[in-house]
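Here are the chains, one letter per residue:
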Amino acid sequence: MRDFSADHSALALNTATLGHNVDGQGAGWSPEQVIDACADRGYGAIAFWRREIGSRAHKVGERTRAAGLEVCGLCRAPFLVGPLAPKPRSAVVDDFHASIDMAAELGAACLTICVGGVVAGSHSMRESLKLVAELVAEAAPRAAAGGLTLALEPLNPVYGGNRSCLVTTRDAVDMVEAIGHPAVTVAVDVYHVWWDLGLSEQLRRLGGHRIAGYHLCDWLADTTDVLLDRGMMGDGVADLKHIREAVEGAGYRGYCEVEIFSSNNWWKCDPNEVLDVCIERFKSVC
Ligand code: ZN
């Protein structure tokens, strides 16, 4: 396992950690401010959200690389199925393509996909997942042409109803194998997989080359909100070293991306402080 105790060049920031994924939250730094603050501190990469980028994808990508950082990802594709997906289905496909094109322009290594919840009236995870697989398979060549991968992120089962019918790493690996396209990968997020004793086995089945990212945070024992009360690494109950061992045991050597949604705590802090704490926790407990 890699030793990060004196080297945090593998650390990446997901800008959701500064509240940039939700309107009206966080300190509202521009992408340029985020890039400079991360570069000054020796972060290796940044994952942005579409709402920050707007029509400036190329410019923000170039600016990031000029500062010595990589763009490790873009969040995210629209929900593909379920109650939160755009309607009608043609709108899903249009927005999915637009998100892929933005990621390509940005020079992002991957586009994250939270697939959306169970299809209304279907009462079926299986049928919903089948529809997701069709949409992802159709979009894979477009992603490959843009030089990125589509990162399927299985979410914690608490989101099964509305945000993701893809709730286990096993199902994500099954989907990647069934689609069988090199541009279809999986993102592993501590918040969603920390409880899963089969994680290591499933990731070995997948292989490190098909792991697009590893997302860091913690699960607070007394969480007050399963969407917006994620914990800083070390403040919760997840076995962070063991989870990283599972990810790296599969061959993953990429970035470890801090992604903390925390409307009542970290989003209220000075972003400078948040970025410093992330580094300290990365070196000491991850
Ligand atoms: Zn994530």
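Refer to the structure presented above.
Residues numbered from 1 in each chain as written. Predicted model: local features only at pLDDT ≥ 70, side-chain atom pairs only at ≥ 80, totals over all residues. Heavy atoms only, no water.

Draft legend 1. Fine view of the side chain of N14. Tracing the backbone through its elements, the reader meets N14 in strand β1 (residues 11-14). At 2.8 Å, the side chain of N14 and the side chain of W49 are in polar contact. The contact partners of N14, leaving out residues within four places of it in the chain, are A47, W49, C75, E257, V258 and E259. (Helix = DSSP H or I, 4+ residues; strand = E, 2+ residues; numbered from the N terminus. Polar contact = N/O pair within 3.5 Å; in protein donor to acceptor, adjacent residues only side chain to side chain. Contact = heavy atoms within 4.5 Å.)

Draft legend 2. Focus on the packing of helix α6 (residues 169-179) against helix α8 (residues 199-206). α8 packs onto α6 with a crossing angle of 10 degrees between their chain directions and a minimal axis gap of 9 Å. In this view, α6 runs roughly parallel relative to α8, as classed from their interaxial angle. Between α6 and α8, the contacting residues are T169, R170, V173, D174, V176 and E177 on the first element and L199, Q202, L203, R205 and L206 on the second. (Axes fitted to C-alpha atoms, helices over the stretch in contact; angles between N-to-C directions. Parallel < 35°, antiparallel > 145°, perpendicular 65-115°, else oblique.)

Draft legend 3. Fine view of the coordination of the zinc ion. Protein ligation of the zinc ion involves E153 (OE), D189 (OD), H215 (ND1) and E259 (OE), the donor distances falling in the range 2.0 to 2.2 Å. Here the zinc ion binds four donor atoms, and the angle range of 83 to 154 degrees at the metal identifies the geometry as irregular. Considered as a linear motif, the donors of the zinc ion on their single chain read E-x35-D-x25-H-x43-E. Here H215 lies in strand β7 (residues 211-216) and E153 lies in the loop between β5 (149-152) and α6, a separation of 62 residues in the sequence. For the pair shown, E153 and H215 are each scored as buried. (Donors = N, O, S within 2.8 Å, 3.2 Å for Na, K, Ca; no water. Tetrahedral: all angles 85-135°; square planar, octahedral: opposite > 155°, others 65-115°. Buried < 20%, exposed > 50% of the residue type's maximum accessible area, 1.4 Å probe, protein only.)

Draft legend 4. Layout of the packing of helix α1 (residues 31-41) against helix α3 (residues 57-66). Packing of α1 against α3 leaves a shortest axis separation of 10 Å and a crossing angle of 15 degrees. Judged by the angle between their axes, α1 and α3 are roughly parallel. Crossing geometry of α1 relative to α3 is assigned as right-handed. Residues P31, E32, I35 and D36 of α1 form the contact with α3, whose own contacting residues are V60, R63 and T64. Of the residues contributing to the contact of α1 with α3, the split by class is three nonpolar, one polar and three charged. (Left-handed = near helix turned anticlockwise from the far one by under 90°. Nonpolar A, V, L, I, M, F, W, Y, C, P; charged D, E, K, R; others polar.)

Draft legend 5. Geometry of the pattern of salt bridges. Scanning the entire structure with this criterion turns up 18 salt bridges. Where D23 meets R51, a salt bridge forms, and the shortest distance between an N and an O atom there is 2.3 Å. With D23 in the loop between β1 and α1 and R51 in helix α2 (residues 50-53), this residue pair connects regions lying 28 residues apart in the sequence. Across the pair R170 and D171 runs a salt bridge, and its minimum N-O distance is 3.0 Å. (Salt bridge = Lys/Arg side-chain N within 4 Å of Asp/Glu carboxyl O.)

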